[in-house]
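Architecture and fold: a report
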Amino acid sequence: MKQYDYLIVGAGLYGAVFAREAFEKGKKVLVVDKRPNIAGNVYTEKIEGIHVHKYGAHIFHTNNKEVWDYVNKFAEFNRFTNSPVANYKGELYSMPFNMYTFNKMWGVVTPQEAAAKIEEQKKEISGEPQNLEEQAISLVGRDIYEKLVKGYTEKQWGRDCKELPSFIIKRLPVRLTFDNNYFNALYQGIPIGGYTKMVSNMLDGIEVRLGVDYLKEKEELDSLADQVVYTGPIDAYFDFQLGTLEYRSVRFENELLDIPNFQGNAAVNYTDRETPWTRIIEHKWFEFGKDENGNDLPKTVISREYSSEWKLGDEPYYPVNDEKNGKLYEEYQSLAEKEDGIIFGGRLGEYKYYDMDAVIASALEKARACLD
């Protein structure tokens with residue numbers, strides 16, 4: 001008899017949701033994670049009363065009511081709306097692209113004037129866009145592409161926009177209204193008390209062991225449970241025998257400042273190529289600059305984000321979903337299908353660029369299929 005029904009590798013969102021569902025069905029569950037903390041990349045750490053998003057800004061947004069109702073069982077969400085600002089060499093623009101952006105860029109006042117300006121600039125692209133540059137110009141025209149898309153995107157991906165696939169930017173929001181809400185989502189917010197608290201509630205009553213490297217202790221850990229749910233990198237599981245999948249990584253420089261307000265907004269994107277960071281996050285504005293008791297916070301924490309090419313040992317963030325990596329992932333997926341007693345899930349296990357709500361939906365679907 002094994003000690004556990006499920007061994008779950010990774011205490012991020014996918015692992016925590018699967019663990020909760022299995023636990024609720026009366027299964028014996030063990031969760032392991034090699035980090036010293038739970039919550040994976042949504043981990044928040046409290047500094048001077050501010051919930052700092054240690055692995056980059058995470059803003060929950062979804063149109064999936066089932067997922068929204070699910071996360072609200074483990075946290076109360078505030079009404080934060082993502083309205084980033086773009087800084088191009090000291091010029092400030094509203095994001096997503098909307099009437100405020102077009103007014104600042106061209107001096108236009110009506111939606112008709114803005115639409116005419118975009119249409120006029122789109123004409124330089126004829127036929128199906130062949131790369132990200134052409135796709136962006138076909139959506140918003142040359143001026144906005146040059147100032148607000150090109151530099152930021154090239155820093156983020158470490159490649160020229162002409163070398164990037166067009167699909168990366170297909171979901172670029174463009175609005176002929178004065179609407180600064182970045183996401184087209186019915187439900188949006190930040191968990192009050194931080195994501196770590198939410199994930200802790202998901203894992204309540206479940207055995208969790210931190211600082212455990214599953215791949216180094218695989219044989220011993222596998223012997224404890226009937227089934228394994230693995231949320232780490234799929235290529236690492238197979239010891240990179242077919243080659244290494246590529247990711248983009250992100251490096252953060254955090255600063256605690258003895259002032260109440262650094263930039264007046266949670267996120268400011270730096271869209272010129274010369275500024276080395278992609279954006280600055282000021283974490284206190286995710287919770288409106290207040291502590292849990294509604295008091296103004298006297299200090300602030302900022303994080304400068306630098307996008308970088310991933311190498312082994314770095315934290316993987318974004319899968320590079322191009323043709324080469326897609327083919328390699330399919331080969332690893334074929335190996336995974338031959339493995340008994342293991343489920344591969346989450347952003348790294350499935351090599352997918354998942355938003356948080358999609359990770360949760362995927363974990364719920366998989367858990368129900370296994371547990372019902």
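Going by the structure above, here's the rest.
Each value, and the rule that gives it
Residues numbered from 1 in each chain as written. Predicted model: local features only at pLDDT ≥ 70, side-chain atom pairs only at ≥ 80, totals over all residues. Heavy atoms only, no water. Helix = DSSP H or I, 4+ residues; strand = E, 2+ residues; numbered from the N terminus. Rg over C-alpha atoms; globule rule 2.2 N^0.38 Å. Buried < 20%, exposed > 50% of the residue type's maximum accessible area, 1.4 Å probe, protein only. Contact = heavy atoms within 4.5 Å. Lys, Arg positive; Asp, Glu negative; His and termini not counted. Charge placed at Lys NZ, Arg CZ, Asp CG, Glu CD. Polar contact = N/O pair within 3.5 Å; in protein donor to acceptor, adjacent residues only side chain to side chain. 1 Å grid on protein atoms, 1.4 Å probe; cavity = no way out; pocket = protein on both sides within 12 Å on 5 of 7 lines; lining within 4 Å. Points joined across faces, edges and corners; volume = space filled by probe spheres on them. Pairing = 2+ DSSP bridges.

Now for the overall build of the chain. Helix and strand content of the chain: twelve helices and 16 strands. Taking 372 residues into account, the globule formula puts the C-alpha radius of gyration at 21 Å, and the chain, at 22 Å, falls close to it. The burial tally for the chain puts 53% of its 372 residues in the buried class. Sequence separation of 24 or more characterises 73% of the internal contacts of the chain that already satisfy a separation of 6 or more. Taking the average place of the 46 positive charges on the side chains of the chain and the average place of its 60 negative ones, the gap between the two points comes to 2 Å.

Further remarks concern the environment of serine 307. Along the polypeptide, serine 307 turns up in strand β14 (residues 300–309). With 59 residues separating them in the primary sequence, serine 307 and arginine 248 have C-alpha atoms 7.1 Å apart. The residues touching serine 307, leaving out its near neighbours within four places in the chain, are Lys155, Gln156, Trp157, Arg248, Ser249 and Thr278. At 2.5 Å, the side chain of serine 307 and the backbone oxygen of glutamine 156 are in polar contact. There is a polar contact of 3.2 Å between the side chain of serine 307 and the side chain of arginine 248.

This paragraph deals with the layout of surface pockets. By volume, the second largest pocket amounts to about 330 Å³. Elements with a minimum of two residues in the lining of the second largest pocket: α10 (323–337), β16 (342–344) and α12 (356–371).

Turning next to the sheet that holds strand β11 (residues 247–257). Pairing in this open sheet of seven strands is mixed, and the strands run β7-β6-β12-β13-β14-β11-β15 from one edge to the other. Looking at strand neighbours, the two that pair on one side only are β7 (91–94) and β15 (318–319), the edges of this open sheet. Across ten bridges, β11 lies against β14 in antiparallel orientation. In the strand pairing of β14, arginine 251 is matched with tyrosine 306.

Here we come to empty space enclosed by the protein. Taken as a whole and judged by the stated rule, the model has one cavity of 30 Å³ or more. When its volume is computed, the largest cavity comes out at roughly 40 Å³. In terms of lining, the largest cavity is formed by Gly49, Ile50, His51, His283, Lys284, Glu287, Lys290 and Leu297.

Remember, this is a structural readout, not a statement about activity or role.
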